[in-house]
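Fold and contact review
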Amino acid sequence: RRGTDAARQAADMVLKDDSLSSIVAAVEQGRVIFANIRKSVMFMLCTNVAEVLAVAAASVAGAPLPLRPLQILYLNMLTDVFPALALGVGKGSEDVMRRAPRRPREPIMPRGLWLAVAGWGLVIAACVLFALAAGLWWLRMEHLSAVTISFLTLGFAKLWFVYNLREPHSYWLADPIVRNGWVWGAVGLCVVLLVAAVYTPGLSSLLQTHHVGSKGWLVVLTLSVLPAVMGQALLWIRERGMGEQDGSTSS
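The structure reproduced in this document is the subject of the present report. (Residues numbered from 1 in each chain as written. Predicted model: local features only at pLDDT ≥ 70, side-chain atom pairs only at ≥ 80, totals over all residues. Heavy atoms only, no water.)

Details of the packing of aromatic side chains
To be explicit about the condition: Stacked, tilted and edge-to-face are the three classes assigned to paired rings of Phe, Tyr and Trp, where Trp is represented by its six-membered ring and a pair needs centres within 6.5 Å; plane angles under 30 degrees give stacked, over 60 edge-to-face, the rest tilted. Counting from the N terminus, the helices are the DSSP runs of H or I reaching at least four residues and the strands are the DSSP runs of E reaching at least two. Three labels apply to residues, based on accessible area from a 1.4 Å probe with only protein chains included: buried if under 20% of the type maximum, exposed if over 50%, partly exposed otherwise in between. In this analysis the charged atom, NZ for Lys or CZ for Arg, is taken to sit over a ring once it is within 6 Å of the ring centre and within 35 degrees of the ring normal.
Scanning all chains against the criterion turns up 5 aromatic pairs. Between the aromatic rings of Tyr-74 and Phe-151, the centroid separation amounts to 6.4 Å while the plane-to-plane angle is 50°, which identifies the pairing as tilted. Here Tyr-74, found in helix H3 (residues 69–88), pairs with Phe-151, found in helix H5 (residues 143–161); they are 77 residues apart in sequence, far enough to count as distant. One exposure class covers both Tyr-74 and Phe-151, and it is buried. Taking 6.0 Å as the distance between ring centres and 70° as the angle between the ring planes, the aromatic pair formed by Phe-156 and Trp-217 counts as edge-to-face. One end of the pair, Phe-156, is in helix H5; the other, Trp-217, is in helix H8 (residues 213–250), with 61 residues separating them in the sequence. Trp-217 matches Phe-156 in its accessibility class, with the two residues each being buried. Members of the aromatic cluster, connected to one another through ring pairs, are Phe-156, Trp-160 and Trp-217. Seen from the ring of Phe-34, Arg-102 lies directly overhead, with NZ or CZ sitting 3.8 Å from the centre.

Quick notes on the pattern of salt bridges
Quick note on the threshold: Salt bridges are defined by distance alone: a side-chain nitrogen of Lys or Arg within 4 Å of a carboxyl oxygen of Asp or Glu.
Going through the model one piece at a time under the given rule, you end up with 3 salt bridges. The partner of Arg-38 in a salt bridge is Glu-106, and the shortest N-O contact between them spans 2.9 Å. Remark: Glu-106 occurs in the loop between H3 and helix H4 (111–138) and Arg-38 occurs in helix H2 (residues 21–61); sequence separation between them is 68 residues. A residue is classified by how much of its surface remains accessible, and Glu-106, at 17% relative accessible area, is buried. Sharing partners across several salt bridges, the network here consists of Glu-51, Asp-80 and Lys-158.

Examining the packing of H5 against helix H6 (residues 181–199)
The criterion, for reference: For every element, the axis is a line fit to its C-alpha atoms; helices are fit only across the contacting stretch, and the angle between N-to-C directions ranges from 0 to 180 degrees. Note that the term roughly parallel is reserved for angles under 35 degrees, roughly antiparallel for angles over 145, roughly perpendicular for angles of 65 to 115, and oblique for everything else. Whether two residues are in contact is decided by their heavy atoms: any pair within 4.5 Å suffices.
It is at 10 Å that the axes of H5 and H6 come closest, and there the two elements cross at 175°. The pairing of H5 with H6 is recorded here as roughly antiparallel in orientation. Along the contact surface, H5 presents Thr-148, Phe-151, Leu-152, Gly-155, Phe-156, Leu-159 and Trp-160, while H6 presents Val-187, Cys-190, Val-191, Leu-194, Val-195, Ala-197 and Val-198.

Describing H4
This is how the line gets drawn: By this rule, a helix spans an expected 1.5 Å times one less than how many residues it contains.
For H4, which comprises 28 residues, the first-to-last C-alpha distance of 39 Å matches the rise-based estimate of 40 Å (1.5 Å per residue) to within 8%. Those residues of H4 lying buried are Val-117, Trp-120, Gly-121, Ile-124, Ala-125, Cys-127, Val-128, Ala-131, Leu-132, Ala-134, Gly-135 and Leu-136. Among the residues trailing H4, Arg-140 stands out with phi positive, at a value near 55°.

Digging into the side chain of Ser-224
Going by this rule: Under this definition, polar contacts are N or O atom pairs within 3.5 Å; protein pairs additionally need one hydrogen-donor-capable and one acceptor-capable atom, and for neighbouring residues in sequence, both atoms have to be side-chain atoms.
Note on placement: Ser-224 falls in helix H8. Of the polar contacts made by the side chain of Ser-224, one reaches the side chain of Trp-160; its length is 3.2 Å. Setting aside residues up to four positions removed in sequence, Ser-224 forms contacts with Thr-153, Phe-156, Ala-157 and Trp-160.

A short note on the environment of Asp-175
On the secondary structure map, Asp-175 appears in the loop between H5 and H6. Measuring from C-alpha to C-alpha, the distance between Asp-175 and Trp-138 comes to 39 Å, with 37 residues separating the pair along the chain. Non-local contacts of Asp-175, meaning those with residues more than four positions away in its chain, are made with Arg-166, Glu-167 and Ser-170.

Structural data, given as structure tokens:
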């Protein structure tokens with residue numbers, strides 16, 4: 001407020017309230033926003049790469065496709081949009097200001113995260129293809145019913161995968177994603193809409209989905225939750241490793 005026009009034009013940063021504490025608040029918000037963007041991008045890349053890999057693998061192998069075109073569009077409109085938006089409004093970790101600053105030119109997706117995208121894409125795609133195979137050869141379903149199982153497996157796997165993006169050093173109940181009510185609301189809404197895609201007459205006809213029965217739902221829930229279970233196990237291993245490293249450092 002007290003700066004001259006020349007000083008404002010020459011400055012890299014202008015404090016609108018002349019309070020140095022505003023810099024701390026701005027840095028905190030910047031770190032939270034950057035982390036939220038990274039989580040949203042990771043979520044969308046991992047789940048969409050899984051779609052591409054599942055369809056491409058089935059096409060190359062000459063097997064039935066695990067998804068119909070309108071089913072892909074339906075998933076992209078629901079399970080991509082709502083969870084990604086919910087991740088973008090997270091409040092961030094409480095210790096965000098106690099962490100070392102990132103490099104100024106660090107990209108949103110460094111090499112390690114691209115490797116994670118490839119890995120999770122393969123895992124989720126494998127679960128989708130196994131679901132299709134289980135419907136065709138284990139449950140002896142007709143083609144569209146088996147495709148419904150792979151469609152639901154991918155949809156639910158996307159939703160459960162959200163919780164794999166939590167901070168590796170945070171406890172489950174204290175994590176910003178778990179404490180984000182918007183995430184739970186988005187997951188709940190998408191669950192309702194996925195179930196509606198099978199049991200709502202007009203919508204099921206449009207998407208070419210069929211009832212899958214209790215055994216079909218068992219396949220869906222088992223294979224869709226598998227990537228989430230693997231993710232939580234990896235996070236637990238990382239948490240233990242970080243805890244042991246901190247303990248050895250302090251001693």
